[in-house]
Amino acid sequence: MSTLLKTSLVTGLMIASSYTFAICSSWTSSKVGALNNRIIDEASGLTASALQKDKFIWSNDSGSNPELFATGKDGKIIRTVRVNGLGNNDWEAVSSGPCPSNKAESCLYIGDIGDGIGWTSSFKIGIFKEADFWSKTSITPEKVVGYSASINAESMIVTAEGKIIIFSKNESGRTQIILVDSITGKSSNAGTLDLNPLIAGARGKGPRITDASLSPEGDKVLILTYG
């Protein structure tokens, strides 16, 4: 069983044109539940529901069935939903954000953005209405957007404006940032960011980003690294 942790005051990264960042002074954690790892056997994507209080939506990693799972804080599975229109080549991230068709509605963004063995340069992000996830046993994307890049990524956030921000997983700690507009589908390379200073004394494998999450206010990003 995989342990679920509740964390607070974790490393914060300010998203700004200058890519400045600041480290939170402290953080704490406590066990609140556990996953059934016979079903969610390689938890990769995770987002908090925007429609259901204290509910969480998960995905498994590459090679698994195209499914999403819902749990409470205790980690017990309460829903399993089939995903159509997006094969699980390497699902690495699940994020919540506004729907492209209506920003007042919540959508789930599934990032098929991983490339751990360097076999692809084309990536897809499926966008699904969250209301469908809670009311149906299978869901179809409202939209699928894509981008081309020679990077491996495991981290993705979606802003209130519908901008998808992808952080590459880089051995050196310098992450490449890809921006994708969920409405137009256009993508661009937004440069690089050196995360080594976030982890004192950690170089190489330490700063590699394996997950990220945007704060409800939209002004901070929680970054999870190997360090």
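The rules behind these values
- Residues numbered from 1 in each chain as written.
- Predicted model: local features only at pLDDT ≥ 70, side-chain atom pairs only at ≥ 80, totals over all residues.
- Heavy atoms only, no water.
- Helix = DSSP H or I, 4+ residues; strand = E, 2+ residues; numbered from the N terminus.
- Buried < 20%, exposed > 50% of the residue type's maximum accessible area, 1.4 Å probe, protein only.
- Polar contact = N/O pair within 3.5 Å; in protein donor to acceptor, adjacent residues only side chain to side chain.
- Contact = heavy atoms within 4.5 Å.
- Phe/Tyr/Trp six-rings, centres within 6.5 Å; stacked < 30°, edge-to-face > 60°.
- Pairing = 2+ DSSP bridges.
- Axes fitted to C-alpha atoms, helices over the stretch in contact; angles between N-to-C directions.
- Disulfide = S-S within 2.5 Å.
- Core = buried A, V, L, I, M, F, W, Y, C linked by side-chain atoms within 4.5 Å.

(A) The arrangement of the side chain of K169 in detail. Tracing the chain through its elements places K169 in the loop between β14 (163–168) and β15 (174–181). On the basis of relative accessible area, K169 is assigned to the buried category, the value being 16%. In this structure the side chain of K169 is engaged in a polar contact, spanning 2.9 Å, whose partner is the side chain of E154. If we skip the residues at most four places from it in the chain, K169 touches N152, A153, E154, R208, I209 and Y226.

(B) How the structure looks around the packing of aromatic side chains. Inspection of the entire model under this criterion finds two aromatic pairs. Seen in terms of ring centroids, F123 and Y147 are 5.2 Å apart; in terms of plane orientation they differ by 25 degrees. Their pairing is stacked. Taken together, the residues span a long stretch of sequence, with F123 in strand β10 (residues 122–129) and Y147 in strand β12 (residues 143–148) at a distance of 24 residues. Neither residue differs from the other here; F123 and Y147 are each classed as buried. Ring geometry for F133 versus W134: centroids 5.0 Å apart, planes at 85 degrees, classification edge-to-face. Residue classification places F133 among the buried positions, given a relative accessible area of 0%.

(C) Just the sheet that holds strand β11 (residues 138–139), in detail. The strand order β4-β5-β6-β7-β11 describes an open sheet built from five strands, whose pairing is mixed. Only two strands of the sheet have a single partner each, and these edge strands are β4 (43–48) and β11. Bridge analysis of strand β5 (residues 56–60) against strand β6 (residues 67–71) gives four bridges, and the strand direction is antiparallel. Paired with W58 across the two strands is F69, which belongs to β6.

(D) Summary view of unusual backbone geometry. Backbone geometry places D54, a non-glycine residue, at a positive phi of 60 degrees. Looking at the element boundaries, D54 is found in the loop between β4 and β5.

(E) Spotlight on the sheet that holds strand β8 (residues 93–98). With antiparallel pairing, the four strands of this open sheet are ordered in space as β8-β9-β10-β12. The open sheet has two edge strands with one neighbour each: β8 and β12. In this sheet, neighbouring strand axes are inclined to one another by 25 degrees on average, regardless of whether the strands run parallel or antiparallel. Strand direction decides the pairing type here: β10 and β12, joined by six bridges, are antiparallel. Bridge pairing links K124 to G146 in β12.

(F) Summary view of the state of the cysteines. Throughout the structure, instances matching the rule amount to one disulfide. Bridging C99 to C107, the disulfide has an S-S length of 2.1 Å. Negative torsions about the S-S bond denote left-handed disulfides, and the value of about 105 degrees found for C99 with C107 makes this one right-handed. Taken as a pair, C99 and C107 share a single burial class, namely buried.

(G) Here's a closer look at the environment of G45. Within the fold, G45 resides in strand β4. We classify G45 as buried; its relative accessible area is 1%. Remark: the alpha-carbon pair of G45 and E92, spanning 47 residues in sequence, is separated by 5.5 Å. Excluding residues within four positions of it along the chain, G45 makes contact with I57, W58, S59, E92, A93 and V94.

(H) Geometry of the nonpolar core. Ranked by internal contacts, the top residues of the largest apolar core, which has 19 residues, are Y109, I113, I125, Y147, M156, I164 and I166. At the level of secondary structure, the elements contributing two or more residues to this core comprise β9 (106–112), β10, β12, β13 (153–158), β14 and β15. Not counting residues within four places of it along the chain, the set of residues in contact with I164 comprises Y109, I125, V145, M156, I157, V158, I178, L179, V180 and S182.

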